Amino acid sequence: MLWRRWPPLALAVLITGILPTTAAVASSSLPVPPGVPAIPPVAFDCSTDVTDAFNSWLANVPDGAVIALVPGGCYRSNGTILFNDKRNITVLGNGATIKASGAPACPPSTASNGNGYCVVPKNPDGRCPTGAVHITATGECAWPVNRAQLWFDRGGGLTVRDLTLQGSNFTPDCAESNPARSCYDSAREADGNLYVRGSDGILVDNVHLKNAWGDAVQASPGGSWDAEGRGAVMARNVTVRDSTVDTVGRMAFSCSGCANMAVTDSTITNVGYWVVDVEVEAKTWSGDMTLERNTYSNVYLGLIAVTPNLAPSTLGPIVVRDNVGTDAPPTCTNAMRIGLPNMPRSSSVIVNGNRLYGGAEGIRVSAAHAEVTRNTIDFPRLGCGGYTGVVFDGVPSGSIIGNTVLNATRLYEPVSSTATVCGNRTTASGPFDQPVPC
């Protein structure tokens, strides 16, 4: 039984619904009636690590409960707060923060090197063991530790609202190109903010995701599966809205196997790789993504990369609409890269109304029916060679209409593709008549 003394200004509702007088205590073994606000009985001033106590209490919170954090509170967790097969639970952050104040604890058979890495001995041949990552600076082998401030493992119907999730990456410029990928660290890329593993129905609303070495939000299958992915529980119906991402070493949002994932009306900055990455990692999995009305800046690569890693995994639909990039990337890459040639075809790609800055290419779509309309693509960065607004590679049908392409070498490049291309322009104003009027 866990007992903890509450500070005098604690929120005056406990899991029993009784108002405390001076000091109050609560038990992790007490049931939480469905629908009754529940306050985790842990310190909320970041004075101590609450991971174990929080998880012990959370294990007894029933489905259907509402968890309320202390308004403006700070919960220190250098581990992971785990929602294991929980259903229909709402987390009301009330402006609180769940914060990692340092590196995660090293698992057995590894040891901390004092710099935030969990190192393992090299093999007799001098190579790192399978699963370990070579640290260039020290020559050591590091074991990536999976950590997130919140982790949803299967279950579903989970809502997180008005909360800050903060990791331990305080790199001021994650998009710096020299040295390349200054914020990306392969030995720390498993250290994120929020992981969704096989959950169905996740709403992330007004959540501030920051200072992660890995991804801010990662959606992946849960459970166990065979070599082709059969048996996995897909992450489904994952929505992030009205939220912010500030400083991540890898992706702001990623999917290695998901259905109906959406990111809307959010602001993203200081990203070490892509804003969004969809990489389907098993033959029987799929991935789709909707991005609408987001604003992003200071990103090392671009807005979205979508790739099926294994045939016949499937992609799409992919919808990218009314997003705004505010600055050019430091790299000569695509603003968007959707699909791969000679790989499974996406069901459809819609790219509409975006404001983008490209490196050497703007929008590249492969192996999908694609509608690319009303976008503005600018290439203000020098030194990338030729600049192409839209590239269709193996696209069987679609259209490129109503786009404004600035400072480009060419408007459009077809590679084994068929599309209607008309009514675009290569100036900031004037008629849409390139290469011909529609």
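Residues numbered from 1 in each chain as written. Predicted model: local features only at pLDDT ≥ 70, side-chain atom pairs only at ≥ 80, totals over all residues. Heavy atoms only, no water.

## Re the overall build of the protein chain
Applicable threshold: Starting at the N terminus, helices and strands are each numbered in turn, a helix being any DSSP run of H or I of at least four residues and a strand any DSSP run of E of at least two. Categorising residues by exposure relies on relative accessible area from a 1.4 Å probe, with only protein chains included: less than 20% of the type maximum marks a residue as buried, more than 50% marks it as exposed, and the intermediate range marks it as partly exposed. By definition in these notes, contact holds between two residues if any of their heavy atoms fall within 4.5 Å.
Looking only at helices and strands, the protein chain has 1 helix and 37 strands in total. Within the protein chain, buried positions represent 55% of all 438 residues. In the protein chain, the share of contacts with a sequence separation of at least 24, taken over all contacts with a separation of at least 6, comes to 65%.

## Section: the nonpolar core
Worth spelling out the cut-off: Here, nonpolar core refers to any group of buried Ala, Val, Leu, Ile, Met, Phe, Trp, Tyr and Cys residues whose side-chain atoms link them within 4.5 Å.
Counting residues in each nonpolar core, the largest one holds 93 residues, and the members touching the most others are Phe 253 and Ile 304. Broken down by element, the residue count for this core peaks at 5 residues, all from strand E14 (residues 200–212). Ignoring anything within four residues of it in the chain, the contact list for Phe 253 reads Val 217, Val 240, Val 245, Met 261, Val 263, Ile 268, Val 275, Val 276 and Asp 277. Listed in part, the 7 residues of the second largest apolar core include Ala 175, Trp 274, Tyr 300 and Ala 305.

## Quick notes on the side chain of Asn 334
Our working definition: Polar contact is the term for a pair of N or O atoms within 3.5 Å; when the atoms are in protein, one must be able to donate a hydrogen and the other to accept it, and sequence-neighboring residues count only if both atoms are side-chain atoms.
Tracing the backbone shows Asn 334 in strand E27 (residues 334–338). In this structure the side chain of Asn 334 is engaged in a polar contact, spanning 2.4 Å, whose partner is the side chain of Glu 361. If we ignore the near neighbours within four places in the chain, the residues touching Asn 334 are Trp 274, Leu 301, Gly 302, Glu 361, Gly 362 and Arg 364.

## Some words on the state of the cysteines
Our working rule: Sulfur atoms of two cysteines make up a disulfide when they are within 2.5 Å.
The tally for this structure, following the rule as stated, stands at 7 disulfides. The disulfide bridge from Cys 46 ends at Cys 74, spanning 1.9 Å between sulfur atoms. With the S-S bond torsion at -65°, the cross-link from Cys 46 to Cys 74 turns out left-handed. Of this pair, Cys 46 sits in strand E2 (residues 45–49) while Cys 74 sits in strand E4 (residues 74–76), placing them 28 residues apart in sequence. The disulfide bridge from Cys 255 ends at Cys 258, spanning 2.2 Å between sulfur atoms.

## Quick notes on the pattern of salt bridges
Under the convention used in this document: The salt bridge definition used is simple: a Lys or Arg side-chain nitrogen within 4 Å of an Asp or Glu carboxyl oxygen.
Scanning the model with the defined rule gives 18 salt bridges in all. Across the pair Asp 191 and Arg 147 runs a salt bridge whose closest N-O atoms are separated by 2.9 Å. Placement of the pair is Asp 191 in strand E13 (residues 191–197) and Arg 147 in strand E11 (residues 147–153), with a sequence separation of 44 residues. A salt bridge links Asp 322 to Arg 374; the shortest N-O distance between them is 4.0 Å. Taken together, the residues Asp 322 in the loop between strand E25 (314–321) and strand E26 (324–325) and Arg 374 in the loop between strand E31 (368–373) and strand E32 (376–378) connect sequence positions 52 residues apart. Using a relative accessible area of 31% as the deciding quantity, one classes Asp 322 as partly exposed. Salt bridges linked by common partners bring Asp 226, Glu 228, Arg 230 and Lys 283 together as one network.

## Here we look at the pairing of strand E12 (residues 156–166)
Condition: At least two DSSP bridges between two strands are required for those strands to pair.
Of all the 11 residues making up E12, 8 are buried; the element is thus mostly covered by neighbouring parts of the structure. Inspection of the sheet shows strand E6 (residues 90–99) paired to E12 by 7 bridges, in the parallel sense. Looking at E12, one finds that Leu 92 is bridged to Arg 161. Where E12 and E14 come together, 9 bridges link them in parallel fashion. Paired with Thr 164 across the two strands is His 208, which belongs to E14.

## Examining the sheet that holds strand E30 (residues 361–366)
Hydrogen bonds between backbone groups are what pair the strands of a sheet, and the pairing can be parallel or antiparallel. Keep this limit in mind: The angle between two axes is taken between their N-to-C directions and runs from 0 to 180 degrees, where each axis is a line fitted to C-alpha atoms and a helix contributes only its stretch in contact.
Taken together, 11 strands build an open sheet; the order of strands is E5-E11-E13-E15-E18-E21-E24-E27-E30-E33-E36 and the sheet is parallel. Every other strand in the sheet has two partners, leaving strand E5 (81–84) and strand E36 (410–415) as the edge strands with one partner each. Between one strand and the next, the sheet's axes are offset by a mean angle of 10°, whatever the strand orientation. The pairing of strand E24 (residues 304–308) with E27 spans 3 bridges and is classified as parallel. By the bridge assignment, Ala 305 is partnered in E27 with Arg 337.

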